[in-house]
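Geometric and topological summary
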Amino acid sequence: MWNDLKYALRTLTHERGFALVAVATLALGIGANTAIFSLVNGILLKPLPYRDPDRLYAVREIVGQVAHLYPTVPVNARHFLEWREQCRSLEQIAAISMSRITLTGEGEPEELPLASVSATLFPMLGVAPQLGRGFLEEEDAPGRDQVVLISDSLWRRRFGADRNIPGRQIRLDGKAYTVVGVLSPGFRFPANEYLGDWTRIGPRVDVFKPIAFRRDKLAMMGEFNYGAIARVKPGVSAQQALSELNVVQANLARASGQKVDLRGWLRPLHEQLAVDARRALLVLMAAVGAVLLIVCVNLANVLLARATGRSRDTAIRAALGAGAGRLVRQALVEAAVLALVGGS
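To keep things clear, this report deals only with the structure shown in the data block. (Residues numbered from 1 in each chain as written. Predicted model: local features only at pLDDT ≥ 70, side-chain atom pairs only at ≥ 80, totals over all residues. Heavy atoms only, no water.)

**Looking at the packing of helix 3 (residues 77-86) against helix 6 (residues 238-255)**
- Contact geometry for helix 3 and helix 6: axes closest at 10 Å, N-to-C directions at 130°. With respect to each other, helix 3 and helix 6 are oriented oblique. Crossing of helix 3 against helix 6: the hand is right-handed. Counted together, H79, E82, W83 and Q86 of helix 3 and E244, L245, V248, Q249 and L252 of helix 6 form the full contact between these two elements.
- Counted by class, the contact of helix 3 with helix 6 contains 4 nonpolar, 3 polar and 2 charged residues. (Axes fitted to C-alpha atoms, helices over the stretch in contact; angles between N-to-C directions. Helix = DSSP H or I, 4+ residues; strand = E, 2+ residues; numbered from the N terminus. Parallel < 35°, antiparallel > 145°, perpendicular 65-115°, else oblique. Left-handed = near helix turned anticlockwise from the far one by under 90°. Contact = heavy atoms within 4.5 Å. Nonpolar A, V, L, I, M, F, W, Y, C, P; charged D, E, K, R; others polar.)

In structure tokens, the structure reads:
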């Protein structure tokens, strides 16, 4: 085998043009597949970086009267509060609302992405701040919500990574807020596109504050404007949780005094976050897979043509005593060397 390897290297060194074309072709095909698979793995296959991600679900609502136009809609604040109180199959549930807010008094004014979230969100995800603390339950109420968590990037960019920042006041939209903590650099907000058709959730959020629903947001059939994430209890299936959610929805529909059909909707959070990218990524993966197949077929044809051109050399080696197995092994070693170099 060592002699076969040396012979293959010597032969390919003498045929540099062929070797370079073969290696470059393989490298392009394998490199494209590796790059696309890395995307597919990171977005579709790799579990979310949260505690027990398989128990996390995106929650939305179905309103029968408009289902032909909007199959699902974001969450109503009053309904969310009722789910939190009545759905025993849900271990925790958190609401999310996105907006923008302007930081002043710390250099140039800067508009920042803001997520208003339930105090339960970070414990539910298993996320702890690197400095300070998270939100307290009592801070998730109007008048007590003047506290914020900030991202690691904002902390470093605007506050010089000051480790004494917990307890410091900053001004956002002209109001004073107390920074209670700084999130870790590895934290990514649990969405890359949408949790709701009208609630855009981006992966880059610099400021978090308690959602603190105001009274005017709690009408039984008021605004449907919030994203929601729930964690089901261990041993509880999504179907069981949805059945209980639908019971609560039916009660809410009756309490509204309107002829309305309300139902719940659950989808694994990982699937919901990748819903927009799934089809495009799978099509792209199939396309680059086909490209790699074409590369392999073309390279195989080139190797066969090369073998035909070396038939005289093969005949001489056979006449000198080389068996069929030895000749095949030599060809396979040359192909393996090309594959290893192209793949590396």
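Once you've had a look at it, read on.
**Here's the deal with the pattern of salt bridges**
- Taken as a whole, this structure holds 14 salt bridges when the rule is applied.
- Put simply, R158 and E110 hold a salt bridge, and the shortest N to O gap is 2.6 Å. Placement of the pair is R158 in helix 5 (residues 152-159) and E110 in strand 4 (residues 110-117), with a sequence separation of 48 residues. With respect to class, R158 is no different from E110; both count as buried. (Salt bridge = Lys/Arg side-chain N within 4 Å of Asp/Glu carboxyl O. Buried < 20%, exposed > 50% of the residue type's maximum accessible area, 1.4 Å probe, protein only.)

**Observations regarding helix 3**
- Of all the positions in helix 3, only A77, H79, F80 and W83 are classed as buried. Down the axis, helix 3 shows its buried residues gathered within 160° of arc, on one side only.
- Against the buried residues of helix 3 lie strand 1 (56-63), strand 2 (75-76), strand 3 (90-104), strand 12 (224-232), helix 6 and strand 13 (262-268).
- One side-chain oxygen of the residue at the start of helix 3 lies 2.8 Å from the amide nitrogen of R78, identifying that residue as N76. (Arc of directions from axis to C-beta. Polar contact = N/O pair within 3.5 Å; in protein donor to acceptor, adjacent residues only side chain to side chain.)

**Let's talk about the pairing of strand 12**
- Among the 9 residues in strand 12, 8 count as buried, and that is most of the element.
- Pairing analysis gives 4 bridges linking strand 1 to strand 12, with the strands arranged antiparallel. Following the sheet pairing, Y57 is matched in strand 12 by A230.
- Relative to strand 12, strand 2 is paired through 2 bridges, and the arrangement is antiparallel. Bridging from a neighbouring strand, V75 pairs with Y226 of strand 12.
- Pairing of strand 3 with strand 12, which is carried by 6 bridges, proceeds in the antiparallel orientation. Following the sheet pairing, Q92 is matched in strand 12 by R231. (Pairing = 2+ DSSP bridges.)

**Side note on the packing of aromatic side chains**
- Per the stated rule, a full pass over the model turns up 7 aromatic pairs.
- Ring geometry for F122 and F208: centres 5.4 Å apart, planes at 80°, overall edge-to-face. Placement of the pair is F122 in helix 4 (residues 121-125) and F208 in strand 11 (residues 207-210), with a sequence separation of 86 residues.
- Taken together, a centroid distance of 5.3 Å and an interplanar angle of 55° make the contact between F189 and F208 tilted. Of this pair, F189 sits in the loop between strand 8 (175-182) and strand 9 (194-196) while F208 is found in strand 11, placing the two residues 19 residues apart along the sequence. Accessibility assignment for this pair places F189 and F208 in one class, buried. (Phe/Tyr/Trp six-rings, centres within 6.5 Å; stacked < 30°, edge-to-face > 60°.)

**With respect to helix 5**
- By the burial criterion, the buried members of helix 5 are D152, L154, W155, R158 and F159. Projection of helix 5 onto a plane perpendicular to its axis shows the buried side chains occupying an angular sector of 165°, all on one side.
- Of the residues flanking the end of helix 5, it is G160, one or two places downstream, whose phi is positive at about 60°.

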